[in-house]
Amino acid sequence: MPFPISNQAPAFQQTPKHYGITSPISLALPKEADLALTQKLTETLKPYGVFEEELELQRRILVLGKLNTLVKEWIKEISDLKNLPASLIDTVGGKIFTFGSYRLGVHTKGADIDALCVAPRHVERTDFFSSFYEKLKEQEEVKDLRAVEEAFVPVIKLAFDGIEIDILFARLALQTIPENLDLRDDGLLKNLDIRCIRSLNGCRVTDEILHLVPNIGNFRLTLRTIKLWAKRRNIYSNILGFLGGVSWAMLVARTCQLYPNAAASTLVHKFFLVFSKWEWPNPVLLKQPEDCNLNLPVWDPRVTPSDRYHLMPIITPAYPQQNSTYNVSASTRAVMVEEFKQGLAITDEILQNKAEWSKLFEAPNFFQKYKHYIVLLASAPTEKQHLEWVGLVESKIRILVGNLEKNEFITLAHVNPQSFPGPKEGNDKEEFSTMWVIGIVFKKMEGSENLNVDLTFDIQSFTDTVYRQAISSKMFEQEMKISAMHVKRRQLHQLLPNLKRRKHSTEGLRQMNDSSLDLSIDSDNSMSVPSPTSMLSSTPIKGPPLGPLLSSLGPGPIAVFHVEGQPKAEVAGVEGTKPPVVQPRPCLTPVPASQTPPPAMGPPAAKRSGSPLHETPVKKLKVDEVRTFTFVVSNNRTFTECATAETYLGLKCFLCLTQRIFFPPQKLSTADLSDVPLIPTNPISVVKNSIKLRLSR
C-alpha cells in the first residue's frame with residue numbers, strides 16, 4: 001500500500017535524468033547558504049502545523065491497514081455470494097490506494113485522506129454502496145458515515161477512528177487484484193465505465209507526479225511552502241476559481257523539473273520567478289501528452305474549441321489528460337499573477353537576507369483592499385440542510401464572478417475563499433447562514449462625472465442557476481435562501497464584527513439585526529445579509545415595524561415612497577424646511593408575476609453594458625444616497641421604503657425591489673437530462689431584487 005515516507009527532505013542528489021518536456025534551466029548544485037535558508041524555512045513552517053508528528057502518521061497507517069483488511073474481507077464475501085470457485089476466492093484480492101495530499105506526502109495535521117477502493121470485475125458499484133456501506137456501519141470506529149452515490153465522482157465519506165476518509169470505487173476488468181498493481185498502466189482503463197475512470201484519475205495523476213520530479217524530498221518541502229502561502233494569501237480554492245491542491249502540486253513539480261538539483265529554498269524563489277513571468281494561456285505540462293486510442297476526451301485545443309478559452313491551463317500528466325484549472329476566470333488569474341509577483345519580491349528580499357521567511361506567509365487584509373464589495377448569503381433552517389445548501393452555493397460562486405466580469409463597468413471581481421457565519425436576523429426562528437465576500441473594482445471612466453451600473457441581471461441569473469440545480473438534484477427546501485448586497489469598504493464591520501475599523505471610518509451601514517430590515521437581493525451565492533424571503537409568514541401582517549427601522553437610521557431626512565395597494569405614508573423633510581414632494585421611482589414599482597420578461601442577453605464573450613438610470617437624483621433633499629429597504633408582507637404583497645442618508649465616498653446606491661415571482665406548477669420530465677431543469681410541482685416563491693449603482697466622480 002503506497003504510504004508517504006518521512007516528512008523530512010533527504011539531502012540533495014544530483015540527477016542526470018531528463019525530466020519534463022524541455023531541458024532544465026539550471027543544473028546548479030545548492031550552496032551552503034541555500035541549505036541554511038532551507039533549514040530556516042523548515043523551522044518557519046513548523047508553527048503552522050504543516051508537519052504531522054510521527055505518532056499521528058503511524059495512526060493513519062494503522063487506520064488505512066484496517067480499512068484495507070475490511071475491503072479484502074468484503075470482496076471475499078461478495079465472491080462467495082456470487083458462487084466463485086473457492087480456489088479463486090482466496091486469491092481474488094482487492095486493495096485500498098491513496099491519492100491527494102496524503103499520497104504526495106504533504107498532508108497537514110488533521111487533514112482527511114483521499115482513498116480508492118479497487119475491486120475485480122465481478123464486484124459491482126451497487127455492491128460498494130450497499131453491502132460495503134453496511135459493513136462499514138457495523139464497525140465501532142466508524143462515525144459520520146454517509147454515501148454520495150449520485151455525485152460526479154461517487155464517494156463514501158466517513159470518520160474512521162477520528163480520521164476523516166473519502167473512499168471512491170473503481171471496478172477493473174481483472175479477475176483478481178494483485179498486491180503490486182500499478183495504476184499508472186493505461187491498459188487498465190480498457191472496458192471501464194466513465195465513473196470508474198474518474199475515480200482512478202486521482203491516483204493515476206498523483207502517482208505520475210511523484211514519478212516526474214527529480215527529488216521527492218525537495219518537491220515535498222517546496223509544495224508544503226507553496227500550499228501554505230496560497231492558503232494564507234486566500235488563493236487556494238479550485239471550486240471558487242483559484243487553484244486546488246493538485247494544480248499547485250503540478251506547478252511545483254514543473255519548477256523542480258526546471259531546477260532539478262536546487263534546494264527547497266531556491267525552488268520556492270524559482271517558483272515565483274517562473275510563474276510571475278509565465279505567458280498564460282500557454283499550458284503547463286509535466287510530460288508530452290500521450291494518446292492511448294481509448295477514445296476518451298482529452299485536453300486538446302486543436303480538437304476541442306472550448307479548450308481554447310481556458311485562461312490558465314495546467315494539464316494533468318496521466319491519460320486522459322485534463323485541464324485541472326478550468327474554473328479559473330480572468331479575475332482569479334489576475335489576482336494570482338499579482339500574488340506571484342509579490343511572492344517573487346519577498347523571496348528576493350529573503351535570499352538577500354533582508355527579510356525572514358515569515359514575511360512570505362503574512363496574511364493580506366482583503367477587507368481593506370477594495371472600495372466596493374458584493375456580500376453573498378446562503379441560509380437554511382436546519383444544520384443538515386445548511387451543509388448541503390452552502391456546498392451547492394459555493395460551487396456556483398464562480399458563475400457569479402464570471403457574470404460580473406462580463407459587465408462593461410467591472411474590471412475585476414475577487415472572491416475571498418474564506419466564508420463567514422451569517423448575521424442573526426433577530427427573530428426567534430433558528431436559522432443557519434454563511435457569508436462570502438467579493439471585492440469589486442469598477443472601471444475608471446474618462447470624461448464622465450456619473451457612471452450608472454446595473455448588476456441586477458448578473459446576480460439574478462446566478463441565483464436562478466443555483467435554484468435550478470437545487471431543484472433538479474431534489475435537495476431544495478422552501479426555507480433555503482440566497483441573497484446578495486452591495487456594501488462599501490467601511491460598511492463591512494457591520495456584517496463582520498471581528499473586523500478592525502480604521503480610525504477615519506464613519507458610520508457606514510446602520511444596525512442590520514432588525515428582522516424588518518433588508519438590503520439584499522437574490523443571488524446564487526449569498527453572504528450574511530437578511531433575505532426578503534425570511535420575512536414570509538403564514539399569518540397576515542398588518543404592516544412592517546417602522547419604529548425600530550427609523551430609529552436605527554438616526555437623525556436626518558426620511559423619504560417613504562407610496563406603492564400601489566398600501567396607504568400613503570408621510571414624507572418627512574429636512575428640519576426647518578417644508579417637506580419636499582418625492583415621486584416614486586419607476587424601479588420601485590412592483591411588477592405583476594405575469595409580467596416578468598427576462599433581460600436580454602448579449603453575446604457570451606462580450607462585456608455587458610450597465611443599464612443607465614434614467615431618473616434624475618432627488619435634488620430637493622440635502623442628501624446624496626438613496627438606501628432601499630425591502631419588506632415582504634403576507635398575502636403576496638410587497639412594498640418598499642426608501643431612506644436617504646449620507647454619501648458613501650461619492651457612491652449613490654439604488655437597491656430597488658423589482659418583482660416577486662411565483663413559479664406556476666410544472667411537471668418534471670424523467671427524461672430531461674439537461675442542466676436547466678424544469679420548475680418542480682410545488683410553487684416556490686422567489687423574491688427578485690435589483691442592485692443599481694451610480695458612481696459619482
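Small disclaimer: the values here were computed from a predicted structure and weren't measured.

What counts, and at which threshold
Residues numbered from 1 in each chain as written. Predicted model: local features only at pLDDT ≥ 70, side-chain atom pairs only at ≥ 80, totals over all residues. Heavy atoms only, no water. Pairing = 2+ DSSP bridges. Helix = DSSP H or I, 4+ residues; strand = E, 2+ residues; numbered from the N terminus. Axes fitted to C-alpha atoms, helices over the stretch in contact; angles between N-to-C directions. Contact = heavy atoms within 4.5 Å. Buried < 20%, exposed > 50% of the residue type's maximum accessible area, 1.4 Å probe, protein only. Core = buried A, V, L, I, M, F, W, Y, C linked by side-chain atoms within 4.5 Å. Salt bridge = Lys/Arg side-chain N within 4 Å of Asp/Glu carboxyl O. Expected span 1.5 Å × (residues − 1). pLDDT = per-residue confidence, 0-100.

S.K.: Please set out the sheet that holds strand β5 (residues 163-171) residue by residue, giving values where relevant.
M.R.: Strand pairing within a sheet occurs via backbone hydrogen bonds; the two strands may be parallel or antiparallel. Sheet architecture is open: five strands sit in the order β1-β2-β5-β4-β3, paired in mixed fashion. Pairing within the sheet leaves two strands with one partner each, and these edge strands are β1 (95-99) and β3 (142-148). Across the sheet, the axes of successive neighbouring strands diverge by a mean angle of 25°, strand direction being ignored. With seven bridges joining them, strand β2 (residues 113-119) and β5 adopt parallel strand pairing. Looking at β5, one finds that A115 is bridged to I167. Against the sheet, helix α2 (residues 54-81) makes contact with β1, β2, β4 (155-160) and β5, and its axis sits at roughly 35° relative to β5, the strand it touches most.

S.K.: Could you give an account of the environment of P301, naming the residues involved and the relevant values?
M.R.: Here P301 is to be found in the loop between α9 (264-276) and α10 (330-351). Beyond its immediate stretch of four places on either side in the chain, P301 contacts D307 and R308.

S.K.: So what's going on with the pairing of strand β9 (residues 432-442)? Residues and values would help.
M.R.: Of all eleven residues in β9, nine are buried; the element is thus mostly enclosed. With nine bridges connecting them, strand β6 (residues 372-380) and β9 associate as antiparallel partners. Bridge assignment links Y373 to a residue of β9, and that residue is G439. Sheet topology places strand β7 (residues 410-415) next to β9; five bridges connect them, and they run antiparallel. Opposite L412, over in β9, you have V441 as the bridge partner. By the bridge criterion, two bridges tie strand β8 (residues 420-421) to β9 in an arrangement that is antiparallel. The residue of β9 that forms the bridge with P421 is T434.

S.K.: Could you give an account of the nonpolar core, with specific residues and numbers?
M.R.: Ranked by internal contacts, the top residues of the largest apolar core, which has 107 residues, are F219, W229, W248, L251, F271, W389 and I438. What W248 contacts, discounting residues up to four positions off in sequence, is L223, I226, W229, A230, I235, Y236, L243, F271 and F340. If you look at the next biggest cluster of nonpolar residues, it comprises 31 residues, including L57, L67, I113 and L158.

S.K.: Describe in detail the pattern of salt bridges, supporting the description with residues and values.
M.R.: Applying the stated criterion across every chain yields a total of 23 salt bridges. For R233, the salt bridge is made with E339, and the minimal N-O distance between the two is 2.9 Å. One end of the pair, R233, is in the loop between α7 (216-232) and α8 (245-258); the other, E339, is in helix α10, and 106 residues separate them in sequence. For R233, a relative accessible area of 10% puts it in the buried group. According to the relative accessible area criterion, E339 is buried, its value standing at 5%.

S.K.: So what's going on with unusual backbone geometry? Which residues, and what values?
M.R.: In this structure, P281 follows W280 across a cis peptide bond, with omega equal to 10°. Within the secondary structure layout, P281 lies in the loop between α9 and α10. If you check the backbone angles, N83 has positive phi at about 60° while not being a glycine. Looking at the element boundaries, N83 is found in the loop between α2 and α3 (86-89). On the accessibility criterion, N83 (69% relative accessible area) is exposed.

S.K.: Describe α9, with residues and values.
M.R.: In this model, α9 (13 residues) spans 18 Å end to end at C-alpha, consistent with the 18 Å of a helix rising 1.5 Å per residue. Burial analysis of α9 places eleven of its 13 residues in the buried class, which makes it a mostly covered element. All buried positions along α9 are accounted for by A264, S265, T266, L267, V268, H269, F271, F272, V274, F275 and S276. Where α9 is buried, its residues touch α1 (32-45), α7, α8 and α10.

S.K.: Describe the confidence of the model for the protein, naming the residues involved and giving the relevant values.
M.R.: Confidence in the prediction of the protein, expressed as mean pLDDT, is 74, and 68% of residues score 70 or more. Mean pLDDT per element in the protein: strand β14 (residues 651-662) is the minimum at 30, and α9 is the maximum at 98. Note that pLDDT drops below 50 for residues 1-15; the model gives that stretch 41 contacts with residues more than four away or on any other chain. Per-residue pLDDT stays below 50 along residues 610-688; that stretch engages in 239 contacts with residues further than four places along the chain or on separate chains.

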